[in-house]
Amino acid sequence: MNASLRFRVLGPLEVVRDGIPVPLGSPKQRLLLALLLTRPQQAMAVDQLAETMWQGTPPRSATENLRTYVHRLRAALGAEVIHGRGRTGYVLDIAPEQVDSAEFLDTAGHGRATLAAGSVRAGRDLIDDALRLWRGPAYAGLDDVDVLAAEQARLDAHRLSSVEQRIDADLALERHLEVVPELTALVGEHPFRERFHAQLMIALYRAGRRADALAAYRRVRRLFATELGLEPRPELSGLHGAMLRGDEVIGGGPGPASRSSRPVPSQLPPDTAVFTGRDRELDRLSELLGERVATGTPVVIATIGGIGGVGKTWLALHWAHRHLDRFPDGNLFVNLRGFDPHSRPLSGAEAVRGFLSALGVPPGAVPADADAQVGLYRSLVAGRRMLIVLDNVHDSDQIAGLLPGSGQSTVLVTSRNRLAGLVAGKGAVPLALDVLTDDQARALLTARLGPAVVEAWPDAVGTLIRACGGLPLALGIVAARALLEPGLALSDIAERVADRSTRLHELDDGDQHASVRAVLSWSYGVLAEPQAELLGLLGLAPGPDIGTATAAALVGKGRAETAALLRELERRSLIGRTGPDRWQLHDLVRLFAAEEARRAGADEAAALRRLVDHLNHTAYAADLTLNPERPPLNLRAPVRGAAPDPPAGLSAALDWFDAEFAAIRAAQQVALDHGWWDPAWQLARSLDTFCWRRHRNEDRHTVWTAGMTAADRLGERAVFARAARLYGDACLRSGRRAEGMAQLDRALAIGRDLGDDEDVMLTLSTLCWATWQNGDPEAALRHALAALGLAERFGRQAQLADRHNAVGWYLIQLDRFDEARGHLDLALSLARRHGHREVEAATLDSLGSLEHRLGRHAQALAWFQLCLPVMDEIGDDHFLAEVWQRIGDEQAALGDLGAARGSWQQAVTLFEQQRRLGSLVELRQRLDPDGVYETYTSDS
């Protein structure tokens, strides 16, 4: 992420680096950047970009054109700013604060919150600072694109709202005459925006120009009647009437005439003695309050949601007590008991009657009709500034009658369920609570136990934080145990809680409100049977998270049905999302769910076999997409319900492996644990190309360590030879040379003994690289030629092209350049003819190396530049970094040091992302020879 860049969209699109404008190139490049800026940090698909940029009729060359525009923008802005992989799309990797529109919204939001807190001058100045960021219409000059039009309209709506709020503050500061010219212009530009008309009338009236204020009303009334056939809204007509009467205060609103005679209820439970963390959530609630007060929008400001024990009520009460001064007419609180296992949920009618009593209505004066009770309650609350906290709500219908109809009261709701009805129908903002961070959890334990205890037992505290998973309830339970049993060492408590088999038992203090298992059971107990079944099986599933298709295989249901069940579990805060189609359980929920699944008699082995078969067959199909020339595997048919779901296309296959890698590794371990040797080694084979292409050498070694165990237990020599070859290569690539060479020798011997020439060829190809790395290019060439001779028997074009490239490469190392060119030309022709992009990229790199060795730097540069888009398409960022470095080397050799520094910087950015520290030091020293850098022995 390049923090020196600033993106300006509030006016003509500009990018500035360290105060200097960056040229953005053609109009299409500017449009592409603008589209990416509407969704920073989110991928925009190539098809979507093309459809938008060419207004629904993209040319055939659209994808290639987009790739060109991206490369040019990367050259201007830095390679790290835009990421992309084939047709998956492109992502603009920048921080929100780098865009002036985000700075505007943030600063204006702070201004509104400051106004709401009573600091009028400071709030007004903040909003004015935000408005000064505008240099003209948003994305000026890019007006014919629907996506941008929607973003322009959104930003302009925020701008106009901010102008209204700043003028309200000016009026409160008695700057009446100063704002009249501005308001006169605004009502001309926005003739149907009634708030500007109202502000103009107020400014004129307070400046002593009553006749002009009345004339302004007549003009707007005539305009509305002529153009719309409507009367102005009551705000304007009410102002007009007040002016006719000569009222002294216009726009301030009368205070309650008899506030002193009204009861002021105070029902909030006490604030907690210890509260830590949640600063972001507290600030967000305060910000929402400020926005709602400033704009007069609906009264429900937020629904606080999350898993049981995450601290929803804790947060709501702490925030409420910090803001009691904002609600002079009192506060109401009710626990709706939406998830109480020992009593039914409180009905809305019961809660209304309780509120009526708190508001001073005698029992005999309460209407018998339920609707009349709601009407009376809303009448009593109307016009009052009250806080109403509705805690532990089950669903939106339960509290429909508890929401004020209008007025200045604020409602805060907590629930384990997502209350979509309040969000959609009442404008509430959902505030989903996550678990505490490690630092927040440590602060909570410090507040409860004291700094001396936490400092004395750092390892135990770390164990407790990990075992509790940041859940405030669990942390509170272990802190209480430490306080109640001072003779028990904190390390003893930590040791007990660390044991997964007894963890839930240890997080149970015998009180139903101080038991993680009890609190989770309240949510589990209301689940329908299919939901409970899925949650239980998710508790048994391996891996840190799970995709929808894999979850469907786990439970043996259709994908659509499973997706609906997952969404319902998410609505109940029992699972969360880690991505658009991925789901995760908190570790304590996982333990609880697994307990319940086993208690219910779930067929764990059958469910796990469906999951393993699903991932095995899907991974095999994805691997064939990445490397269609690989020798096929003989997979047995998947069990019923496994439902493999192969990704379509190269980019989709890479994305699938990226998302599923940890889950596949966990599934491989499940297969080993159950003695399912075939899928255990096959999963290693299917992950091999992905690990190779992503240069995940340690992961590859780990995968093949497990794969070798399975291949050995399987007892099939051909399988063992394949596994030994790939495991040997993984050892070599991860720095385990002796073990790698031993495994390759075993693979070669078995392959020759079995007469498996294809496997012998592949083993020889691996030995080429191993012997070259050992400083013996002659031996490497001999292995390469032997492998080429075998490849010519099989007709696998990718392998044949790859072998010719290998021979050409080793001939280059031996200065046999003419022979090398013949092999490389043939390799490139074969790769391009048959669409083998990875071999094509490697051969283009070899041709560039050949020209470099010959001293023909312009030709070398051309070959390396041809390599760039191919690397981008196949997603090999590791190789891409090296090609950028070589391009810089050639540009430097040609005397173009400016271009060379730009290319080296592109490589540095990628090396930083990949943590290739040795390469980083070398290039940084080229870019800044006088710099001081830490030295590293090798790349990671």
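Reading guide: rules and limits
- Residues numbered from 1 in each chain as written.
- Predicted model: local features only at pLDDT ≥ 70, side-chain atom pairs only at ≥ 80, totals over all residues.
- Heavy atoms only, no water.
- Helix = DSSP H or I, 4+ residues; strand = E, 2+ residues; numbered from the N terminus.
- Expected span 1.5 Å × (residues − 1).
- Buried < 20%, exposed > 50% of the residue type's maximum accessible area, 1.4 Å probe, protein only.
- Contact = heavy atoms within 4.5 Å.
- Phe/Tyr/Trp six-rings, centres within 6.5 Å; stacked < 30°, edge-to-face > 60°.
- Lys NZ or Arg CZ within 6 Å of the ring centre and 35° of its normal.
- Core = buried A, V, L, I, M, F, W, Y, C linked by side-chain atoms within 4.5 Å.
- pLDDT = per-residue confidence, 0-100.
- Pairing = 2+ DSSP bridges.
- Salt bridge = Lys/Arg side-chain N within 4 Å of Asp/Glu carboxyl O.
- 1 Å grid on protein atoms, 1.4 Å probe; cavity = no way out; pocket = protein on both sides within 12 Å on 5 of 7 lines; lining within 4 Å.
- Points joined across faces, edges and corners; volume = space filled by probe spheres on them.
- Nonpolar A, V, L, I, M, F, W, Y, C, P; charged D, E, K, R; others polar.

A few points about helix α40 (residues 897–914)
In this model α40 runs 25 Å from its N-terminal to its C-terminal C-alpha over 18 residues, within 8% of the 26 Å that 1.5 Å per residue would give. Those residues of α40 lying buried are A900, S903, W904, Q906, A907, V908, T909, L910 and F911. Summarising the contacts, the buried residues of α40 are in contact with α3 (62–77), α39 (877–893) and α41 (917–927). A positive phi of about 55 degrees marks R915, the residue just after α40.

Quick look at the packing of aromatic side chains
Taken as a whole and assessed by the stated rule, the structure comprises 11 aromatic pairs. Centre to centre, the rings of F661 and F690 are 5.9 Å apart; their planes meet at 40 degrees, and the pair counts as tilted. Separated by 29 residues along the polypeptide, F661 in helix α28 (residues 650–674) and F690 in helix α29 (residues 677–694) bring together distant segments of the chain. Relative accessible area serves as the criterion here: at 6%, F661 is assigned to the buried category. Geometrically, the ring pair formed by W772 and Y810 is edge-to-face, given 6.2 Å between the ring centres and 65 degrees between the ring planes. A residue pair is termed long-range when its members are at least 10 positions apart, and W772 in helix α33 (residues 757–773) and Y810 in helix α35 (residues 797–813) qualify at 38 residues. Residue classification places W772 among the partly exposed residues on the basis of a relative accessible area of 25%. Here the aromatic cluster, defined as three or more aromatic residues joined through ring pairs, consists of W656, F657, F661 and F690. Over the ring of W676 we find R609; its NZ or CZ atom is 4.9 Å from the centre of that ring. A cation sits over an aromatic face here: R733 above W769, 3.7 Å from the ring centre.

Considerations on the nonpolar core
Counting residues in each nonpolar core, the largest one holds 133 residues, and the members touching the most others are W319, L507, V516, L535, L538 and F657. No other element matches α28, which puts 10 residues into this core. Grouped together as the second largest cluster of nonpolar side chains are 74 residues, L24, A34, L35 and M243 included.

A short note on the confidence of the model for the protein chain
Parts of the prediction with low pLDDT should not have their coordinates interpreted in detail. Across the protein chain, the average pLDDT comes to 87, with 94% of residues at 70 or higher. Counting contacts from residues 251–261, a segment whose pLDDT is below 50, to residues more than four positions away or on other chains yields 7 contacts. The low-confidence segment residues 931–940, where pLDDT is below 50, has 16 contacts with residues more than four positions distant or belonging to other chains.

Digging into the pairing of strand β8 (residues 387–391)
Here β8 lies mainly inside the structure; 5 of its 5 residues are buried. Because side chains alternate across β8, one face comprises the buried residues L387, V389 and D391, and the other comprises I388 and L390, equally buried. As paired strands, strand β7 (residues 331–335) and β8 are joined by 5 bridges and run parallel to one another. When the sheet's bridge partners are listed, N331 is paired in β8 with L387. Bridge count for β8 against strand β9 (residues 410–415) is 4 bridges, and the pairing is parallel. Pairing of V389 across the sheet is with L412, part of β9.

Let's talk about the sheet that holds strand β13 (residues 582–584)
Strands sit in the order β11-β13-β12 across an open sheet of 3 strands; the sheet is antiparallel. The open sheet terminates on both sides in strands that have one partner only, identified here as β11 (546–547) and β12 (576–579). Strand direction decides the pairing type here: β12 and β13, joined by 3 bridges, are antiparallel. Across the sheet, G576 pairs through a bridge with Q584, a residue of β13.

A closer look at the pattern of salt bridges
According to the stated counting rule, one finds 63 salt bridges in the structure shown. Residue R418 pairs with E570 through a salt bridge whose shortest N-O separation is 3.0 Å. Here R418 is found in the loop between β9 and α15 (420–426), whereas its partner E570 is found in helix α25 (residues 559–571), with 152 residues between them in sequence. Accessibility expressed as a relative area gives 7% for E570, which makes it buried. We note a salt bridge from E912 to R924, for which the minimum N-O separation is 2.7 Å. Taken together, the positions of E912 in helix α40 and R924 in helix α41 put the pair 12 residues apart, joining distant regions of the chain.

Regarding empty space enclosed by the protein
What the rule picks out here adds up to 3 cavities of 30 Å³ or more. By volume, the largest cavity is sized at about 60 Å³. In terms of lining residues, the largest cavity is bounded by L538, A541, P542, G543, P544, D545, I546, W583, Q584, L585 and R590. Of the residues assigned to the lining of the largest cavity, the class counts are 7 nonpolar, 2 polar and 2 charged.

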